[in-house]
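Structural features, examined
Chain by chain, the residues:
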Amino acid sequence: MRKYRNMLAIMLLLFAVSVHADEPKLATASRFVTCVLVIETGDKPLAAWQVELRYDAATTAIVGLERGGATGYKTDTAPRYDARGLTAGRIKIADFSLADDLPAGSVRVAVLHLELRDGATTLPTVHTIIAATTDGAKFTATATLKEETR
Amino acid sequence: MTNDDHPDIDELMHCLDREDAGEAAAHLRTCAHCQETVATMRALTEALAPADMPAPAWTADEDAAMASFIADRAAELRPPRRGILRFRRVAMAAAAALVVGIGLAAWRAQLEPYFGPVPSIPPPAPTTVSLDMDGDRGIDIVDAYLYARQLKDTGTIGDFNGDGKHDERDVDTVAQMAVHVPRSGGDY
């Protein structure tokens, strides 16, 4: 009798293990962060800019993109981007302005909302940057993406 | 018999043709009036009977006239026949075009597994103007900016999107090309 009881216990244990193995992995908690894209132009007015960001598409997704509120740029629409870039691992963000009062110095050009999964902490990195002044001449500038703290 | 006891003319002629001895024939043998009627009918019949005519001899002019007549009749009959033929020709041409079209489609479908999609004839480009306005061998946001300035300063720009208009949508087209992300692999 005890022999059958042990066999039954082993079968139940195996069944429980197999059921647990079939369960889908629960997604780990995501973390949503807001980042600000800033371009340093020096003293040159920023008439046009374009930044390419690269990130790990397996752990990161861009869930929101909006303007940074720089002077002279429109405020009612987002910068130009390809929606495919929101989850493709790389994205180009760009904009230009024909206004007379263009910003210079440290220009806040865009705000990105990111979803970081599986404990990821790495933010997208700036791969390339293009900056041009009013006559269309390109100049050397730097871009940084920083998490915005509230 | 008629009302005055004489057989009518049909009965008299009928009994003569069959030569039977019926009542009308008996009456005819004794009635001078009917005998006169029959004699008159025989004379009329012989007078109206067609005489033996020789076969007509066609002269050359008559032959030519007949040939002309036949040609004219043929010409009169030709239009409806031509209409039918035209319909047949159109139907045959349509059928041939359909067969050729199906053949070409089948040919393309057979070639695709071996050579990839058979390229179609590309539509003519809406414009021959290069989008690389600053000449740096690439299309970026600066090109879109320069086109926007050109549109603002001169009021005109290339029709880059092919919609027949020269407006801000063409600038948008260049800007979208600048930020385009390819579907898979490859560089920008």
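This text gives an overview of the structure that appears in the document.

Parameters and conventions
- Per chain, residue numbering runs from 1 following the sequence as it is written.
- Chain A is the first chain written and ligand 1 is the first ligand written, with later ones labelled in order.
- With the structure being a predicted model, the display of local features is reserved for residues of pLDDT at least 70 and the display and counting of side-chain atom pairs for 80 or more, all residues being used for whole-chain, interface and lining totals.
- Just so you know, side-chain values use all the structure's heavy atoms and leave hydrogens and water out.
- Whether two aromatic rings pair depends on their centres lying within 6.5 Å, for rings of Phe, Tyr and Trp, where Trp uses its six-membered ring; planes under 30 degrees apart make the pair stacked, over 60 edge-to-face, and the rest tilted.
- Put simply, DSSP marks the helices as runs of H or I at least four residues long and the strands as runs of E at least two long, and each gets a number from the N terminus on.
- For every residue, the accessible area obtained with a 1.4 Å probe (protein chains only) is divided by the maximum for its type, and the residue is called buried under 20%, exposed over 50%, and partly exposed between those limits.
- The arc in question is formed by the directions pointing from the helix axis toward the C-beta atoms.
- Whether two residues are in contact is decided by their heavy atoms, any of which lying within 4.5 Å being enough.
- Polar contacts, as counted here, are pairs of nitrogen or oxygen atoms within 3.5 Å of one another; within protein the pair requires one atom able to donate a hydrogen and one able to accept it, and residues that are adjacent in sequence qualify only if both atoms are side-chain atoms.
- Inter-axis angles, ranging from 0 to 180 degrees, are taken between N-to-C directions of lines fitted to C-alpha atoms, where helices are fitted over the stretch in contact.
- Should an angle lie under 35 degrees it is considered roughly parallel, over 145 roughly antiparallel, and from 65 to 115 roughly perpendicular; all remaining angles are considered oblique.
- Think of a patch as exposed residues, more than 30% relative accessible area, with no salt bridge, where like charges cluster within 9 Å and nonpolar side chains (Val, Leu, Ile, Met, Phe, Trp, Tyr) cluster within 5 Å.
- With residues, only the protein chains shown are counted as cover, and all accessible areas are computed by Shrake-Rupley using a 1.4 Å probe.
- Within this document, salt bridges are pairs made up of a side-chain nitrogen of Lys or Arg and a carboxyl oxygen of Asp or Glu, the two lying within 4 Å of each other.
- We count Lys and Arg on the positive side and Asp and Glu on the negative side, and we leave His and both chain ends out.
- By convention, the point assigned to a charge is CZ for Arg, NZ for Lys, CD for Glu and CG for Asp.
- Here the rule is simple: two strands pair whenever DSSP picks up at least two bridges between them.

**What about the packing of aromatic side chains?**
All names here are of chain B.
- For the coordinates displayed, the defined rule picks out two aromatic pairs over all chains.
- Measuring from centroid to centroid gives 4.7 Å for Y147 and F160, while their planes differ by 65°, and the two rings are edge-to-face. Highlighted residues: Y147 in helix 5 (residues 141–154) and F160 in the loop between helix 5 and helix 6 (168–178), separated in sequence by 13 residues. Take Y147 and F160: they sit in the same class, and that class is buried.

**Section: helix 6 of chain B**
- For helix 6 of chain B, the complete set of buried residues consists of D170, V171, V174, A175 and A178 of chain B. One side of helix 6 of chain B carries all its buried residues, which in axial view fall inside an arc of 140°.
- Buried residues in helix 6 of chain B make contact with strand 2 (48–54), strand 4 (80–81) and strand 5 (90–96) of chain A together with helix 5 of chain B.
- Residue D167 of chain B occupies the N-cap position of helix 6 of chain B, its side-chain oxygen lying 3.1 Å from the main-chain nitrogen of R169 of chain B.

**Topic: the packing of helix 5 of chain B against helix 6 of chain B**
Residues and elements named next belong to chain B.
- Viewed as axis vectors pointing N to C, helix 5 and helix 6 meet at an angle of 170°, and their least axial separation amounts to 8 Å. By the angle between their directions, the pair helix 5 and helix 6 is classed as roughly antiparallel. Across from I141, D143, A144, Y147, A148 and L151 in helix 5, the residues of helix 6 making contact are E168, V171, V174, A175 and A178.

**Considering a negative patch on the surface**
Residue and element names in this part refer to chain B.
- On the surface, a cluster of negative charge is made up of D8, D10, E11 and E23.
- Mapped onto the elements, D8 comes out in the segment before helix 1 (9–18).
- By relative accessible area, which is 32% here, D8 ends up partly exposed.

**A closer look at the sheet that holds strand 2 of chain A**
- An order of 4-5-2-7 (chain A) is seen for the four strands of this open sheet, with the pairing classed as antiparallel. Pairing within the sheet leaves two strands with one partner each, and these edge strands are strand 4 and strand 7 (125–132) of chain A.
- The sheet contact formed by strand 4 of chain A and strand 5 of chain A spans two bridges and is antiparallel. Its bridge partner lying in strand 5 of chain A, Y81 of chain A is registered against I93 of chain A.
- Together, strand 2, strand 4, strand 5 and strand 7 of chain A form the strand contacts of helix 5 of chain B, whose direction differs from that of strand 5 of chain A by roughly 25°.

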